[in-house]
Every structure is written in C-alpha cells, then in structure tokens.
Protein chains: 4
Amino acid sequence: MSLQLVRTLLKHSVELGGFGKVLDKINIVSAGEGQLTAEMKVEEEHTNYMGTLHGGLSATIIDNLSSYALVTYKPNQNRGSSIDLKISYLNSAKVGDEIVITANTVKAGKTLAFLEAKITEKTSGKVIATATHIKFVKD
Amino acid sequence: MSLQLVRTLLKHSVELGGFGKVLDKINIVSAGEGQLTAEMKVEEEHTNYMGTLHGGLSATIIDNLSSYALVTYKPNQNRGSSIDLKISYLNSAKVGDEIVITANTVKAGKTLAFLEAKITEKTSGKVIATATHIKFVKD
Amino acid sequence: MSLQLVRTLLKHSVELGGFGKVLDKINIVSAGEGQLTAEMKVEEEHTNYMGTLHGGLSATIIDNLSSYALVTYKPNQNRGSSIDLKISYLNSAKVGDEIVITANTVKAGKTLAFLEAKITEKTSGKVIATATHIKFVKD
Amino acid sequence: MSLQLVRTLLKHSVELGGFGKVLDKINIVSAGEGQLTAEMKVEEEHTNYMGTLHGGLSATIIDNLSSYALVTYKPNQNRGSSIDLKISYLNSAKVGDEIVITANTVKAGKTLAFLEAKITEKTSGKVIATATHIKFVKD
C-alpha cells in the first residue's frame, strides 16, 4: 500500500515537468511506517566533473526520498516543506555502481519532522553519504 | 580573469554529459578572490511538486558555485571534493523569480576549505536559502 | 535598551543555578535589531585537553547569544526553543586570546527563526567558528 | 580494555581544570570498536532557563563522547580535532530524567572521521537529540 503510494509520488515527480525528472532512474524497493529503501545504478548523466555521483544529485535524491518516507509514517501524513538539509560525503560512487538509498523518520511531530537518510554502495556496503532532513509539516 | 575561468568551468560542467547540465541557465555575474555572484531565472524545469525552486537544485547550484568561488581564492587553488553540505530553506522562489546566488570562501587551508553561500530573490531581497560547504582540498 | 535587556538575560542565565553559569565571563558589547556582539577572554576553565577553547563551550556560547540576538529582533519577540545547531571549527583559540562573538537574525517568521553566529579572534581577526541556529518561536 | 581507556579519558577531562569538568556526572557504560554508550541523570546544574537539558551541554557531551568512541575504533586511533558538529533537538529532557548517550564511528579514514551520536530518555525511549560530528584525524 505504502510502496504503491511512494511509487506513484515518484512517478508524478518525474513526469511533472519539473526538476524531479532527474530521479527517473530511481527504483523504490520498499516503503512503509516512515521508512523507505530505493536503488539506482549510477550512470554518466548522474556524475560530476570527476566522473562520480554528483553531490547535488545525492541531495536531490535524499530530499525527495526522505519526504516520501515521511508520507508513509502515518495515514494522511503530509509531505511538508524543507527547513534544513545536511549531507556528509564519506566516499564516492562511480559509473556502474549500484547505490542503495535508505530513509527513516526519526520524529514526526505536529509541526516538525526529523528525517535521516543514507546512501551506500550495494556490493561493498561502503557508505557514500549520510544526511539529516528537517521539514515543516504543519497542516 | 577569474570571471572568465569560472564561466569556462561552468560551461564545461554543463557540456560534459553529466549532472552539471541542470546548471545551464546559470549566469555568472562576477568572480574573484574567493567570491562569486551569479543569477538565474526560475523556470518550470527547476521546480518541485509545489511549483517552487526544488531544494535539490538549490543544493546542486550551491555545490558547484561555491566550488568555483574557492577556485578563484588564489592562483592554482584546486576545487577539492565535498565533505559536507548544509542548506537552510528560509523562503520559496517561484517560476519567474530572478534568484541571485552569492558564494564566499571563509577559509582555505592546506587540507580543508570552508565556504558559505546564499540565494536571494533579486527584486524583494528575500533570503531563499543559506548554506555552508566544507571541502577537502589536499593536493 | 536592547543592550540592557540582553545583559539582564545573560545575568539571569548565569545566576539561575543551571548550565548558564559557564557564560559568566561573557561581556555583551552591543545588541539590537536582531544583532549582538560580545567578547570573552579565553581562560583555562574554557579549554579542552589540548588547551584550546572547548568546542562544547563554543556551542553553548552560540546557543545562548544567538537566542539573545533573536530577542532583540522586534519588541516582545520570544526566545523560542532550539531545533538545530551547527558549528564549523576553522581555527583554535588558546588561553589568553580575546574572542569576539557576533550573532545575527537572518529571518524570524511566525514559527521559525534562522540565526547565524561567528567567533573570531580579536587581534588577528582569524575566524574560530561559524554557526547556524534554527529555533521554533511559535507563541 | 576500551571501556577502561574511555573511562580514563573522561576522568582526565573532568580533572584537568578545563571545560571538561561539566561532564563529571557522565557514566560510561560500554565502549569498543568505534562505539560507546553512556548515561547521565539530568540535574539542575545541567539546565537552561526553561529547566530542561541545556543544548550547549548536549553539544559538549556529544563532542567529547563521540571523540572517545572514535578512539576505540582501532588501536592507536587518535582523537583528532573537530571540524563540524551539528545537533538536532527533537524533544526536551527535564531534571530527574535519565539520559542515554550513544556514539558511533561511521567512517575513520586517513584524514577524516565521521561520527554520529544520539541522546535518548531512558524510560520512555524518546529521542532527545541526534548529532553528526566530523573530525580531522591526520597524524
């Protein structure tokens, strides 16, 4: 149920004509109860001038996917709007690498939601990036 | 001199076939001595599902532009690689808004560089986002 | 007027019997319209095991002083409660150094306030730390 | 072994005459392989003007304890110096609450270490704060 909802949200983002189109290679694997797992193969279109996953794309992926995780936290939970996004870059991912994105709702209160996310390389398990995301969720 | 260098770096990023292509509407206004100013008109392709500037694109713009500011800090300063990027979202920018991006080198040491950046709406002067960016610059 | 208010708030924090007593050597120099400047001489009681200003004390100073800056933003502005505090440590300050703390209100909206702060060494002008502070200010 | 090492480091910090004395009520419960767990009962001396755990003390606790976790990561791992510390405040802790602090080494490379920490209230399991800490560990 949540998985279908998140896949619909992602599809909508990709097809809307906005910046979400850069997420078209993302595959949502599981979603529910405030958590989400997704995967993507790094391609040339995702890279920076060094040929590795662009930090700005990592930020975009985390911005959207942690918001989707939040939506599955409880029925009718809204997506809110971002207050703060912070990403640490621990290792690089290169073309051909399969990355796994996990997102988790740490707290979803009446006005604020605190989310965390991580990108790892699937084969080696190396952590590519860790992130925190704060959203304003007031109705 | 620095202005030309940064414009060349941006052009290269846009044309390389990587994620930098999303920066193709950015116009570098000035650059030098660790600082940079640029502008961009928000278009539909830059927006999230609410029709405002996507936080992931803001992150991408700041990631690249603060790195260009760093390059102008001193001759032969390298661009380094990102350790940490943090963005606060204060206000939204909608389609048609002209945004101004400023970036500044707070410190560029032997192994670490500390940068800050800001996005404002040109007409109203409203702050859209503030950011800090830490890079590893070891040769 | 604002200067007197902030000095009273600081005095109250120091004398309350809580953790604010660690701020007893802070001298507020100016305050008003969302901004504040203060000074402190680094003494042994302020240091970590390396004999330099403890990062936790820097965090404490910034937490309180940026909150005082917020209070001066407009009449009856409340101090709110912290959502997020982030500090970058650029250089160290040693015993005997005179540090200058500046804090600034970037935005104070209906429910959220965004603050920034900086610690510099007075004589050299070297940046010791930069910080951002987000507060929840809902009445 | 690691537990004894960390307890010695903490004792040293408390008795050194510096700011570490504010950590004198911390009890290290376990430590090893880059991880650490500690506990503390919140007392009046730890509070802010609202009578809850002071955000600056939370920062100080996390600064030191995540550094101790790092030291246990591998033999002869040095403590390094802080580059960046970020804390999100999710809930408050009041006098009498027992807090549990956990810290974890996410990556310890040749020059940089990435740590994470969390403070929870022991009885309810409520998350009080989450934090990330980046250190420079070059020999």
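Residues numbered from 1 in each chain as written. Chains lettered and ligands numbered in written order. Predicted model: local features only at pLDDT ≥ 70, side-chain atom pairs only at ≥ 80, totals over all residues. Heavy atoms only, no water.

(A) Geometry of unusual backbone geometry. Residue and element names in this part refer to chain C. Positioned with a positive phi, glutamate 33 is a non-glycine residue whose angle comes to about 55°. Among the secondary structure elements, glutamate 33 is positioned in the loop between strand S1 (27–32) and strand S2 (35–41). Glutamate 33 sits in the exposed class, given a relative accessible area of 69%. (Helix = DSSP H or I, 4+ residues; strand = E, 2+ residues; numbered from the N terminus. Buried < 20%, exposed > 50% of the residue type's maximum accessible area, 1.4 Å probe, protein only.)

(B) Expanded view of the pattern of salt bridges. Residue and element names in this part refer to chain A. A full pass over the atoms with the stated rule returns 24 salt bridges over all chains. Residue glutamate 15 is joined to lysine 11 by a salt bridge in which the shortest nitrogen-to-oxygen separation is 3.2 Å. Taken together, the positions of glutamate 15 and lysine 11, both in helix H1 (residues 2–15) and four residues apart, correspond to about one turn of that helix. Each member of the pair, glutamate 15 as well as lysine 11, is classed as exposed. Bridged by salt links that share partners, the residues Lys25, Glu43 and Glu45 form one connected network. (Salt bridge = Lys/Arg side-chain N within 4 Å of Asp/Glu carboxyl O.)

(C) Main features of the interface of chain B and chain A. Across the contact, 33 residues belong to chain B and 33 residues belong to chain A. Buried area between chain B and chain A, both sides added, is near 2,600 Å², and the carbon and sulfur share of it is 54%. Contact with chain A buries area across many residues of chain B, yet Phe19, Tyr49 and Tyr89 of chain B alone supply 26% of it, more than any other trio. The tally of links between chain B and chain A comes to two salt bridges. For lysine 86 of chain B, the salt bridge goes to aspartate 84 of chain A, with nearest N and O atoms at 2.7 Å. There are 18 residue pairs in polar contact (both at pLDDT 80 or more) connecting chain B and chain A. Counting only elements with at least two residues in the side of chain B that touches chain A, the list comes to helix H2 (55–71) and strand S3 (81–89) of chain B. (Contact = heavy atoms within 4.5 Å. Buried area = accessible area lost by both parts, 1.4 Å probe. Polar contact = N/O pair within 3.5 Å; in protein donor to acceptor, adjacent residues only side chain to side chain.)

(D) Molecular detail of the sheet that holds strand S5 (residues 112–121) of chain D. On the basis of which strands lie adjacent, the open sheet formed by 12 strands has the order S1(C)-S2(C)-S4(C)-S5(C)-S6(C)-S3(C)-S3(D)-S6(D)-S5(D)-S4(D)-S2(D)-S1(D) and antiparallel pairing. If you trace the sheet from one side to the other, it starts and ends with S1 of chain C together with strand S1 (27–32) of chain D, each paired once. Strand-to-strand twist of the sheet, defined as the mean angle between neighbouring strand axes without regard to direction, takes the value 15°. With five bridges joining them, S1 of chain D and strand S2 (residues 35–41) of chain D adopt antiparallel strand pairing. By the bridge assignment for S2 of chain D, isoleucine 28 of chain D is matched with alanine 38 of chain D. Along the sheet, helix H1 (residues 2–15) of chain C makes contact with S1 and S2 of chain C, crossing S1 of chain C at roughly 135°. (Pairing = 2+ DSSP bridges. Axes fitted to C-alpha atoms, helices over the stretch in contact; angles between N-to-C directions.)

(E) Main features of the pairing of strand S3 (residues 81–89) of chain D. Among the nine residues of S3 of chain D, eight are classified as buried, and the element is accordingly described as predominantly covered. As paired strands, strand S3 (residues 81–89) of chain C and S3 of chain D are joined by five bridges and run antiparallel to one another. Each bridged residue has a counterpart across the sheet, and for isoleucine 87 of chain C the counterpart in S3 of chain D is leucine 85 of chain D. Note: S3 of chain D against strand S6 (residues 127–136) of chain D, eight bridges, orientation antiparallel.

(F) Up close: the UniProt feature "domain: Thioesterase" (unreviewed entry) in chain A. UniProt marks residues 50–126 of chain A with the feature "domain: Thioesterase" (unreviewed entry), using the numbering shown here. End C-alpha to end C-alpha, residues 50–126 of chain A measures 19 Å, and it is 22% helix and 39% strand. (UniProt positions renumbered as here; feature names shortened; annotations may be inferred.)

(G) View of the packing of helix H1 (residues 2–15) of chain D against helix H2 (residues 55–71) of chain D. All names here are of chain D. At a minimum axis distance of 10 Å, the contact between H1 and H2 shows a crossing angle of 145°. Classified by chirality, the crossing of H2 by H1 is right-handed. Side by side, H1 and H2 meet where Leu5, Val6, Leu9, Leu10 and Ser13 of the first sit next to Asn64, Tyr68 and Val71 of the second. (Left-handed = near helix turned anticlockwise from the far one by under 90°.)

(H) Examining the relation of the copies chain C and chain A more closely. Superposing chain C onto chain A takes a rotation of 180° combined with a translation of 0.0 Å along the rotation axis, leaving an RMSD of 0.0 Å. As the rotation angle and translation indicate, the two copies are arranged about a two-fold axis. Here 100% of the contact residues of chain C are again contact residues in chain A; the copies associate through an equivalent surface. (Least-squares fit on C-alpha atoms with pLDDT ≥ 70 in both.)

(I) Just the interface of chain C and chain A, in detail. Contacts between the two partners involve nine residues from chain C, matched on the other side by nine residues from chain A. Carbon and sulfur atoms supply 77% of the area buried between chain C and chain A, which totals about 660 Å² over both sides. In terms of surface lost to chain A, no three residues of chain C exceed Ile83, Leu112 and Phe136 of chain C, which account for 47% of the buried area on that side. Remark: the boundary between chain C and chain A carries zero residue pairs in polar contact (both at pLDDT 80 or more). Those elements that place two or more of their residues in the side of chain C that touches chain A are S3, strand S5 (112–121) and strand S6 (127–136) of chain C. At three residues, S3 of chain C tops the list of elements feeding residues into the side of chain C that touches chain A.

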